[in-house]
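These are the residues of each chain, in order.
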Amino acid sequence: MKLNVRLRPIGFVAALLVMWHVAAKHQATPILPGPLAVAEGIAELAQRGLLLKYIVASLFRVTWGFATAAILAIPLGLAIGWYRRSEMALNPLIQIFRPISPLAWIPISILWFGVGDLAAIFLIFLASFLPLTVTAMNAVAGIPPVTVRAGRNFGLSQPQLVYRVLYPAVAPQLIIGLRITLGIAWLVVVAAEMIAVNSGLGFLIVDARNAGNRYDLVVAGMVMIGVIGLLLDIGMRSMENVKSLRWGYSED
Amino acid sequence: MEQTMATTSMAKTVMVPAQATKQTLKPKLRAEGIDMAFTRDGTSVPVLENVKLEVHEGEFVCLLGPSGCGKSTLLNVIAGFLSPTHGQVLIDGEAVRGPDPRRIFVFQERGVFPWLTVEGNIGFGLFKLSKKERAERIAHYITLVGLQGFEKAYPQELSGGMKQRLEVARALAVNPDMLFLDEPFGALDSITRLIMRRELLRIWEAERKTIIFVTHDIEEAVQLSDRVVVMSARPAKIQRVVEIDIAHPRDISSSRYLELRDGIFEQIGLAHKV
Amino acid sequence: MTLLGQPMKWERYFWPLFAAGVLLLLWHFSVRWSHTKIFPSPVDVVRGTAELIRKGVLLHYVVDSLRRVSAGYLGAAVLAIPAGLLLGWYPAAAAVVNPTIQMLRPISPIAWIPVSIIWFGVGDLAAIYLIFLASFFSILVASINGVRNVPSMYRRAGRNFGLSPAKLIARVVFPAALPQVIVGLRIALGIAWLVVVAAEMIAVDSGLGYLVIDSRNSGKRYDLVVAAMILIGLTGLALDTIFRRIEKLRSVRWGFRNES
């Protein structure tokens, strides 16, 4: 019985794969690959050494763009949230810049940084910077006044107050923000690689399509993007289980 | 440990009777003509009106009034978290300009830091001590409030009463000379509340802190304090100050207790009948 | 919270204008002093926008982008919310489907571009499909979690009053889950807006994303590129503002205290 329940999700995935296989076999024009062709595609990429190379290239860009954004945006957002007047001044500007899709910056980033890694990293940076700033801003605004008062009562200096009260009080929300933003950064790196660079998983997809309609490699690229996106998300989620942070997630 | 605390406190009370101190010493705290108004939607709403109050060294004073009357605001002004529209608060002859670690505010149990363990919370204000001293101090206060075995627990693993004791321990650990308590036992069940009251009295008698305690519970005020400051509803004014001249431990069925209690009930406009 | 006292009323308008002014001046003078021939100054961008209006493409492109977003997004919401409510309600079913959802969700919708072009050709449908994909999983997962987090107290209370399962979902579970569903809807809208720009750069030949890429490719008109970017920002802001209005509705608001 128990095993049966455990097997159901696997059965569901297997059924989907079979349906995919049958549908691919019977399509009018044999363009889209079946699951087996995709598996072979992944194996081929691994053999040619491209798989690891492209994954590393994509991760390299995401890491640099995302980490730089986090290092700059979190202190900035905390400061803006802490001082009412700075929030008044900058919030409207942030709200206008934030919905500009980072992809709309592609021409400008190519103009500034040329076609290459830097342009893509800049796009990831843009995609992460404002969402993280806003998360930090809102997290500060959401600290209960009691917490801040209790901290001030013990005679902490301003830097101590930031390090010992402000930062731990916002940490749980910051981590949620980091997780959501990393998801967006992963989405943007794929787009950026389709347009602005010549390596990475996004490039693999566009290149496989343009150079000879290798749709098995296109779908192989999609699968790899999904798997790595999932791993990034799981990694970020595991941070939410840290004991000194868990108080912030009463919901689930 | 508890044994020795109790004996020293008794020695202290014998040597310096509370009544004598009150008359001879300057007031520890003096609030002079405090007015306080908040602006809401462009209009000014008065919360405190011409509040004058003196509290002596080692005294236990209750601010009593209906919910939302402004007694919490007064306590926040005294603690330096809010600055009054008019008037000033003097402590030891010095004007209060902000919060000070010599005077610790105990919030309802919401004031404990959820990201720190019991040890971390108690040690929060002890950053100037050496590591060894800090550990000793933490251990001492964990025992004092009976949280042994929960040193590494996070607040969300504690009950309301334990969190409350934790907050009191955190306050006492920095050895302040005044404690401000804002309806500290309001969220507790009635049994825990009784235990906490006894604990607080024990700690007060042992360490002789000056305590200002905000409550809307008449019984609580009469059971605990040397004086009850009865406040009117918004804007809060001091209606009357009632001296509770019964020695601790108090017999809550004595005629004097009932007389004082019913006097306050009447003052607030409630005859004590059900 | 603030250490400098309550800001005055005039400061509400002064500080935003001050910050915007500083930014515009910085932009203007850095363009002038760097003697760039390519990067536009604020004045160039205003002229560019005027040119777009004169040619009549501005409104046309904005409407095209909005049409694609609303079609894909609404389609996703209509399918994902009921599906999410049901899956949240029947945990056994959710357990079966969950691994599949978790595997499909992180595939960037942009990665679907080649496949969607095969299925729908170059054109509106391909772009709409991408937006659908981008929104669907966020809304679905938010709805499932929304239902799961409904306190069992509410369900019991509803059942206590003799509600049938259908009524229980409509009158108790849905309203109780709504705040979380709406958070999911808003995140999804942000991602949809991001994806439409990407889709228009690759898969169609109208809309604001197309305007960005086309202005660059046909003659390096960077004034139009920046004009298009600002339009993308303003339209996105308008969408977000509408959403905040919905969140402020009384019947929805109970769930938001610390939400952004």
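Caption draft 1: Here's a closer look at helix H5 (residues 106-113) of chain A. All buried positions along H5 of chain A are accounted for by Ile-106, Pro-107, Ile-108, Ser-109 and Ile-110 of chain A. Following H5 of chain A by one or two positions, Gly-114 of chain A adopts a phi angle in the positive range, close to 75 degrees.

Caption draft 2: Just unusual backbone geometry, in detail. Residue and element names in this part refer to chain B. The omega torsion across His-248 and Pro-249 is -10 degrees, close enough to zero to call that bond cis. Note that Pro-249 resides in the loop between strand S10 (238-243) and helix H9 (255-268). Of note, Asp-92 is a non-glycine position whose phi angle comes to about 50 degrees, a positive value. For Asp-92, the position within the fold is in the loop between strand S4 (86-91) and strand S5 (94-95). The partly exposed category is assigned to Asp-92, around which 13 C-beta atoms lie within 10 Å. Despite not being glycine, Glu-183 shows a phi value in the positive range, around 40 degrees. Relative to the helices and strands, Glu-183 resides in the loop between strand S7 (178-182) and helix H7 (190-207).

Caption draft 3: Region of the structure containing the sheet that holds S7 of chain B. Residue and element names in this part refer to chain B. Reading across the sheet, the 6 strands line up as S6-S7-S8-S3-S9-S10 and stay open at both edges, with mixed pairing between neighbours. Only two strands of the sheet have a single partner each, and these edge strands are strand S6 (103-106) and S10. Within the sheet, the average angular offset between the axes of one strand and its neighbour, ignoring direction, is 15 degrees. Here S6 runs beside S7; their pairing, made up of 4 bridges, is parallel. In the strand pairing of S7, Phe-105 is matched with Phe-180.

Caption draft 4: Broad picture of the packing of helix H7 (residues 152-160) of chain C against helix H8 (residues 165-202) of chain C. Residues and elements named next belong to chain C. Where H7 meets H8, the closest approach of the two axes is 10 Å, and the angle between their N-to-C directions is 160 degrees. Classified by the angle between their axes, H7 and H8 sit roughly antiparallel to one another. At the point where H7 passes H8, the crossing takes the right-handed sense. On H8, the residues touching Tyr-154, Arg-155, Gly-158 and Arg-159 of H7 are Leu-168, Arg-171, Val-172 and Ala-176. Residues belonging to the contact of H7 with H8 are distributed by class as follows: 4 nonpolar, 1 polar and 3 charged.

Caption draft 5: Local environment of the packing of helix H4 (residues 84-97) of chain A against helix H6 (residues 117-141) of chain A. Residue and element names in this part refer to chain A. Between H4 and H6, whose axes approach to 11 Å, the crossing angle comes to 140 degrees. Seen from above, H4 lies across H6 with left-handed handedness. Residues Glu-87, Ile-94 and Phe-97 of H4 form the contact with H6, whose participating residues are Leu-130, Thr-133, Val-134 and Met-137. Of the residues contributing to the contact of H4 with H6, the split by class is 5 nonpolar, 1 polar and 1 charged.

Caption draft 6: Summary view of the environment of Asn-149 of chain C. Looking at where Asn-149 of chain C falls in the secondary structure, it is placed in the loop between helix H6 (124-148) and H7. Along the chain, Asn-149 of chain C and Ser-30 of chain C lie 119 residues apart, while their C-alpha atoms are 52 Å from each other.

Caption draft 7: Inspection of the confidence of the model for chain A at higher detail. When pLDDT is averaged along chain A, the result is 87, and 97% of the positions lie at 70 or above. Here helix H1 (residues 2-25) of chain A is the element of chain A with the lowest mean pLDDT, 84, and helix H3 (residues 50-82) of chain A is the one with the highest, 93.

Analysis parameters
Residues numbered from 1 in each chain as written. Chains lettered and ligands numbered in written order. Predicted model: local features only at pLDDT ≥ 70, side-chain atom pairs only at ≥ 80, totals over all residues. Buried ≥ 20, exposed ≤ 12 C-beta atoms within 10 Å, placed from the backbone. Helix = DSSP H or I, 4+ residues; strand = E, 2+ residues; numbered from the N terminus. Pairing = 2+ DSSP bridges. Axes fitted to C-alpha atoms, helices over the stretch in contact; angles between N-to-C directions. Parallel < 35°, antiparallel > 145°, perpendicular 65-115°, else oblique. Left-handed = near helix turned anticlockwise from the far one by under 90°. Contact = placed C-beta atoms within 7 Å. Nonpolar A, V, L, I, M, F, W, Y, C, P; charged D, E, K, R; others polar. pLDDT = per-residue confidence, 0-100.

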